[in-house]
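Summary of structural features
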Amino acid sequence: MSNTIEDNEVDLLIVGAGPAGMASALQARELGIQTLVVDEKGQPGGQIYAGHHGSPDFDRSFLGKDYAKGRSLIDAFMASDCRRMFKSLVWDISQDGHACMSDGSQTSFVLARHVILASGALERAFPFEGWTLPGVMTAGGAQILLKTAGIVPSHPVVLAGSGPLLLLLATQFLACGVPVSAVLDTTPASNWRRATPFLAGFLSSRLAAKGAAMLLRLRASGIPVLGRVTQIRAIGNGKIETVEYRHEGQIGRLQAETLIVHQGIEPETRLARVANANHAWDARTRSWLPACDEFGRTSIPHISVAGDGRAILGADAAPATGRIAAIDAAFALGRIDRDTRQRLSDPLFKELRRLGKPRKFIDALFSPFPGLYDNLNDSTLVCRCEEIPAARIREEARRSSADINSVKSRLRCGMGPCQGRFCETTVRELLLRTAVPSCQEVGQLRIRPPIKPVGVEEIISLGVKEIPPESRIPLEPRA
Amino acid sequence: MRTSFDAIIIGAGIHGCSLAMHLAVRQLKVAVFEQTYPARHASGVNAGSVHHIPRLTAELPLAELTLKMWHGIKDLLDGYDCGYRQVGHLKIAEADEDIEPMHRIAEGVERHCSIKEVHLDRQSLFRLEPELARNCIAGIFSPECGYAQPARTVHGFRAKAERHGAQFFNSSRITNARRRGRVWEVSTAKDVFEAPIVVNCAGAWGEQVAGWAGDKVTVRPVALMMTVLAPMRPVMSTVIGLTRRMLSIKQFENGTVVIGGGYRGTPEMETGHTTLNYSKLGYNLRAATEVFPVLAQGQVVRSWSGIEGLSPDMLSIIGPSANEEGFWHSFAHSTHGFYLGPAVGRVLAETIVGETPAVSLTPFHIARFMSSGSA
Ligand SMILES: Cc1cc2nc3c(=O)[nH]c(=O)nc-3n(C[C@H](O)[C@H](O)[C@H](O)COP(=O)(O)OP(=O)(O)OC[C@H]3O[C@@H](n4cnc5c(N)ncnc54)[C@H](O)[C@@H]3O)c2cc1C
Ligand SMILES: Cc1cc2nc3c(=O)[nH]c(=O)nc-3n(C[C@H](O)[C@H](O)[C@H](O)COP(=O)(O)OP(=O)(O)OC[C@H]3O[C@@H](n4cnc5c(N)ncnc54)[C@H](O)[C@@H]3O)c2cc1C
């Protein structure tokens, strides 16, 4: 990439101002590193602390203690003297450290000597019959409305799926008076069996008490929490009217104008992928993670990962991985020596080991399970951008290659503007189930820049104004 | 025991798959080895344009045959829709001094083959494409041309080849080929396969493969960049090119607009990765908006580049090895290999099995690059 402007050079670029990115920036400034933090959102805080800063003022106490905890980190981050850019999407990172970022009307280049990707997680999209009906939304989507604008449904809602966020949202709804008709937990018995051997690690952590408290609060409120629910369907004409499900051998139905679904989260790795960093298959969470060393350094020496974008470790661990990556960046930039890096990181590694104890249990309990995909109807849309139903993917897997990129080029799933955000996991799981190849054979979608759509004129602004000589067609006749 | 075939094809791009199909329907037992998966490289990520302008005169007889085959592509692929749409190709002059060379190109085409070109003055140009910028002043229209979906087309040929018994080996890179008597031994990292006929359909990687037969030629790998815009209202109906500067634009039925033309990024041959060059990509999009101003309001969904091999004279390398019996080439298709795919596979298959080929391949032989001393 050319067109670099001199003063658009930084020592350290941090993508993401969630807990990982903010803590990383504070650590980097403590070590005297010139730092630029860029976030696509209008305020700092990332997923968990969204809305603390720069959003309309209203009482957020119903969001709980964990949410309130973010305040001090955000205040420290906003008071620090790092450079901050909000509402700026980093849409490409090249192997030589150039980043393209867009504020929605203009794209600029930044040349960074080191990059920390603290881009957080995405909710795992999972299709089921009726998932595209208006009125069906994800827990993350509902939570953002709640945190940033205080918007809540006024009519009864049903929550369905699996994962801590679902329970958390139910209790947050409860605290602010949203009527919840039921929580339909789809975590299957098989996941409980896989998780049980790791129960001790979980029970020794703060999360166990937290989880139990949430469940008790829900139970005490009289909200039905049904376990081992299967076959969720959203039914309605033009919008959702009824939620259907199977529980203990019976079909149940609930009236609902809003169905909130969730099936866990997975790292957002699109920037690491667009930069061509290596990734490794993680069997426990059934996802591809950026391959990195203990400091978060990827296969590209000047690119590191931190927070949930490195591996799902949760909000408490995110700052520690962020700080470790910043310490390592200082080492990479030649500001501290190897011993100092170790000395500064050791307490953080210790903290991570402690925070990591419940992970095996949580990962096993909430990893994608066979029923999610085996019960998927042939006619259910998997790719919303290109409107591709499950049957086409199953059919294609049996023909030719099961490489997910080959399937993408044949069916176009993953070619739309979402670049696989809504379909990649499902397509991968369907391929793995149909043709039984290895995870390596299925692979990951190749991500092409921009990772989210950018205006034509922004890209024009990166280009030369005169035709490059080799692109001129000679006017003399060709032999 | 070694597995043996009648013919081994190296590379499952459009050329490997088309040839496999044309050989398989002639009852040969064919194996295709592909280091990744079919249509991974140039053949699956190209612009999909099916047109012959501006090509070298030597290519025109093949062009004529290939266009005929595209017109019947659905029947050729047993009813499979590879997305071929005969919307015509429009080459545009942006300035007075472009008009004369543009007409010379059209006259050259008409002198050497029977493909028809229609000369358009300013008024008829705007009747055909009302959204064109006002600086466009004339054009030549080739109604026999169009576009297709690249990856689908490759898989159309692959599927028909398979129906006729061809075997495809994915993730199988060929590391060497050696002749023993009348048989070629072709190796992957794990196995050795045998066949009396080996065909180099390795695209931009073909130089190395050619070396196994002692054929020397320098192929320049380039990464050609492409961009797709989010669906827009109907803006254009034909496949667009310019006379003076590289540009290719078309709009698919779903409303997406694909922009290319040959602007180059950087290829990495070992991994197959490519890197974009934004200063050139930016110019590529600028040129597109200078022809269709409304495109400036579009959203870029993705840009990418694909790896193509250029021969020293920009003409494909097709035909027998200059050194070895039983070794054949079809590579370095020099930016226009997609539209040539159907015909080249057929003519090379005819030549290999000893039928009279529909078109002579002599101008494409690799021997043209080798003085007798270097062979
Ligand atoms: C939908 C959702 C809701 C969650 N809710 C909770 C919760 O309530 N409680 C809890 O404990 N955990 C929650 N989590 C888990 C949460 O991800 C972590 O606990 C924590 O927020 C991780 O911190 P992080 O800094 O790694 O990432 P995040 O907090 O996710 O921050 C990442 C930041 O990077 C930015 N970013 C990403 N890509 C780019 C880019 N290309 N350009 C510019 N900016 C970019 C994002 O805008 C975001 O602000 C949630 C996760 C998700 C996905
Ligand atoms: C961006 C772009 C746009 C283009 N636009 C057009 C257009 O609009 N119209 C047009 O006519 N042409 C176009 N072209 C040119 C056209 O795409 C190519 O000429 C054509 O696809 C070449 O086909 P191929 O089968 O020879 O090569 P490829 O498609 O590159 O196939 C060669 C295959 O061989 C495999 N291979 C190589 N070495 C080995 C080995 N040792 N063992 C096993 N496998 C091996 C490779 O992995 C590859 O898959 C474009 C090209 C690009 C890159």
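Worth saying up front: this structure is predicted, and the values here are computed from it rather than measured. (Residues numbered from 1 in each chain as written. Chains lettered and ligands numbered in written order. Predicted model: local features only at pLDDT ≥ 70, side-chain atom pairs only at ≥ 80, totals over all residues. Heavy atoms only, no water.)

1. Here's the deal with the overall build of chain B
- The number of helices and strands found in chain B is ten helices and 22 strands.
- For chain B, whose C-alpha radius of gyration is 21 Å, the value lies close to the compact-globule estimate of 21 Å for 375 residues.
- For the C-alpha atoms alone, the extent of chain B along its principal axes is close to 65 × 45 × 40 Å.
- Counting across all 375 residues of chain B, residues that qualify as buried make up 62%. (Helix = DSSP H or I, 4+ residues; strand = E, 2+ residues; numbered from the N terminus. Rg over C-alpha atoms; globule rule 2.2 N^0.38 Å. Buried < 20%, exposed > 50% of the residue type's maximum accessible area, 1.4 Å probe, protein only.)

2. So, the overall build of chain A
- Helix and strand counts for chain A stand at 18 helices and 22 strands.
- The globule rule puts the C-alpha radius of gyration for 479 residues at 23 Å, and the 23 Å found for chain A is close to it.
- In terms of principal-axis extent, the alpha carbons of chain A reach across some 75 × 65 × 45 Å.
- Looking at chain A residue by residue over its 479 residues, the buried ones come to 57%.
- For chain A, restricting intrachain contacts to residue pairs at least 6 apart in sequence, the fraction spanning at least 24 positions comes to 68%.
- When the accessible surface of chain A is split by element, carbon and sulfur atoms take 53% of a total near 19,500 Å².
- One finds the centroid of the 57 positive side-chain charges in chain A at a distance of 5 Å from the centroid of its 50 negative side-chain charges. (Contact = heavy atoms within 4.5 Å. Areas by Shrake-Rupley, 256 points an atom, 1.4 Å probe, with all protein chains shown as cover. Lys, Arg positive; Asp, Glu negative; His and termini not counted. Charge placed at Lys NZ, Arg CZ, Asp CG, Glu CD.)

3. A short note on the sheet that holds strand E8 (residues 136-138) of chain A
Residues and elements named next belong to chain A.
- Judged by pairing direction, the sheet is parallel, and its five strands sit side by side in the order E8-E15-E9-E10-E11 without closing on themselves. Each end of this open sheet is capped by a strand with a single partner; those strands are E8 and strand E11 (225-226).
- As defined by bridge partners, strand E10 (residues 180-185) adjoins E11 across two bridges and the pair is classed as parallel. Of the residues in E11, the one forming a bridge with leucine 184 is leucine 226.
- Contacts from helix H4 (residues 139-149) reach E8 and strand E15 (258-263) within the one sheet, and its direction differs from that of E8 by about 80°. (Pairing = 2+ DSSP bridges. Axes fitted to C-alpha atoms, helices over the stretch in contact; angles between N-to-C directions.)

4. Regarding the interface of chain B and chain A
- On the side of chain A, 50 residues touch chain B, which itself brings 46 residues to the contact.
- Summed over both sides, the interface of chain B with chain A buries roughly 4,200 Å², with 57% coming from carbon and sulfur.
- Three residues, Tyr37, Tyr278 and Arg302 of chain B, lead the burial of chain B against chain A; their summed loss comes to 18% of the area buried on that side.
- Lysine 280 of chain B serves as the salt-bridge partner of glutamate 470 of chain A, at 2.8 Å between the closest nitrogen and oxygen.
- Elements with a contribution of two residues or more to the side of chain B that touches chain A: helix H5 (96-112), helix H7 (150-163), helix H9 (278-291) and strand E20 (299-310) of chain B. (Buried area = accessible area lost by both parts, 1.4 Å probe. Salt bridge = Lys/Arg side-chain N within 4 Å of Asp/Glu carboxyl O.)

5. A few points about the confidence of the model for chain B
- With 99% of its residues at a pLDDT of at least 70, chain B reaches an overall mean of 95.
- As a predicted assembly, this complex carries a pTM of 0.94 together with an ipTM value of 0.93. (pLDDT = per-residue confidence, 0-100.)

6. Quick look at the site of ligand 1
All names here are of chain A.
- Among the 34 residues in the neighbourhood of ligand 1, the closest are listed as Ala20, Asp39, Gln47, Gln143 and Asp308.
- Separating a nitrogen atom of ligand 1 from a backbone N or O atom of glutamate 40 is a distance of 3.0 Å.
- For ligand 1, a nitrogen atom lies 3.0 Å from a polar atom in the backbone of valine 90.
- In isolation ligand 1 exposes 970 Å². Once the protein is present, 92% of that is buried.
- Of all the elements in the fold, those that place two or more residues in the shell around ligand 1 are helix H1 (19-30), strand E4 (89-93), strand E7 (121-123), H4 and helix H5 (164-175).
- Residue composition of the shell around ligand 1, grouped by class: 17 nonpolar, eleven polar and six charged. (Near = heavy atom within 4 Å. Polar contact = N/O pair within 3.5 Å; in protein donor to acceptor, adjacent residues only side chain to side chain. Nonpolar A, V, L, I, M, F, W, Y, C, P; charged D, E, K, R; others polar.)

7. Some details on the side chain of arginine 273 of chain A
Residue and element names in this part refer to chain A.
- Along the chain, the position of arginine 273 falls in helix H9 (residues 270-274).
- On the basis of relative accessibility, which here comes to 11%, the residue arginine 273 falls in the buried class.
- In this structure the side chain of arginine 273 is engaged in a polar contact, spanning 3.1 Å, whose partner is the side chain of glutamate 424.

8. Concerning the pairing of E4 of chain A
All names here are of chain A.
- Buried residues dominate E4, accounting for five of its five residues.
- The pairing of E4 with strand E5 (residues 98-102) spans four bridges and is classified as antiparallel. Paired with isoleucine 93 across the bridge in E5 is alanine 99.
- Hairpin connection between E4 and E5: a loop of four residues separates the two successive antiparallel strands, and glycine 97 in this loop has a positive phi of roughly 95°.

9. Here we look at the pattern of salt bridges
- If you walk through the whole model with that rule in mind, you get 49 salt bridges over all chains.
- With a closest N to O distance of 2.7 Å, aspartate 378 of chain A and arginine 394 of chain A form a salt bridge. In this pair, aspartate 378 of chain A sits in the loop between helix H13 (370-374) and strand E20 (381-383) while arginine 394 of chain A sits in helix H14 (residues 390-398), placing the two residues 16 residues apart along the sequence.
- Judged by relative accessible area, arginine 394 of chain A falls into the buried class, the value being 14%.
- Between arginine 85 of chain B and glutamate 253 of chain B there is a salt bridge, with its nearest N and O atoms 2.8 Å apart. A residue pair is termed long-range when its members are at least 10 positions apart, and arginine 85 of chain B in the loop between helix H4 (73-76) and strand E5 (89-93) and glutamate 253 of chain B in the loop between strand E16 (248-251) and strand E17 (257-260) qualify at 168 residues.
- Taken together, the salt bridges that share partners define one network made up of Glu268, Arg270, Arg273, Arg421 and Glu424 of chain A.

10. Side note on the domain arrangement of chain B
Residues and elements named next belong to chain B.
- Partitioning chain B into structural domains gives domain 1 (3-48 + 151-219 + 313-372) and domain 2 (89-143 + 220-308).
- Computed over C-alpha atoms, the centres of domain 1 and domain 2 are 30 Å apart.
- If you look at the interface, domain 1 gives 16 residues, while domain 2 gives 13 residues.
- Summing the contributions of domain 1 and of domain 2, the shared interface buries around 1,100 Å²; its carbon and sulfur component is 54%.
- Our enumeration of links across domain 1 and domain 2 arrives at one salt bridge.
- Across the salt bridge formed by glutamate 270 and arginine 173, the nearest N and O atoms sit 3.6 Å from each other.
- Here domain 1 is connected to domain 2 by five residue pairs in polar contact (both at pLDDT 80 or more).
- Residue composition of the side of domain 1 that touches domain 2, grouped by class: six nonpolar, eight polar and two charged. (Domains from an automatic or database assignment.)

11. Overview of the side chain of histidine 279 of chain A
Residue and element names in this part refer to chain A.
- Here histidine 279 shows up in strand E17 (residues 279-282).
- Its relative accessible area of 14% is what places histidine 279 among the buried residues.
- Side-chain polar atoms of histidine 279 contact the backbone oxygen of alanine 277, separated by 3.0 Å.
- Sequence-distant contacts of histidine 279, that is, excluding residues within four places in its chain, are made with Thr269, Ala272, Arg273, Trp288, Leu289, Pro290, Ala291 and Gln444.

12. Thoughts on the packing of H5 of chain A against helix H8 (residues 206-220) of chain A
Residue and element names in this part refer to chain A.
- Where H5 meets H8, the axes come as close as 10 Å, and the angle between the chain directions of the two elements is 45°. The pairing of H5 with H8 is recorded here as oblique in orientation. Viewed along their axes, H5 and H8 form a crossing whose handedness is left-handed. Across the interface between the two elements, Pro164, Leu167, Leu168, Ala170, Thr171 and Leu174 of H5 pack against Met214, Leu215, Arg217 and Leu218 of H8.
- Within the contact of H5 with H8, the residues separate by chemical class into eight nonpolar, one polar and one charged. (Parallel < 35°, antiparallel > 145°, perpendicular 65-115°, else oblique. Left-handed = near helix turned anticlockwise from the far one by under 90°.)

13. Notes on the site of ligand 2
Residue and element names in this part refer to chain B.
- Every one of the 34 residues lining ligand 2 counts as a neighbour, but Glu34, Gln35, Ser43, Glu308 and Tyr339 are closest to it.
- One of the side-chain N or O atoms of serine 43 is found 2.5 Å from an oxygen atom in ligand 2.
- Between phenylalanine 338 and ligand 2, the recorded distance is 3.1 Å, taken from a backbone N or O atom to an oxygen atom.
- Burial of ligand 2 by the surrounding chains reaches 97%, relative to a free accessible area of 1,000 Å².
- Elements with a minimum of two residues in the shell around ligand 2: helix H1 (14-24), helix H2 (42-45), strand E14 (220-229), E20 and helix H10 (337-353).
- Each residue belonging to the shell around ligand 2 can be placed in one class, and the counts come to 15 nonpolar, 16 polar and three charged.
- Both domains that furnish three or more residues to the shell around ligand 2 are identified here as domain 1 (3-48 + 151-219 + 313-372) and domain 2 (89-143 + 220-308).

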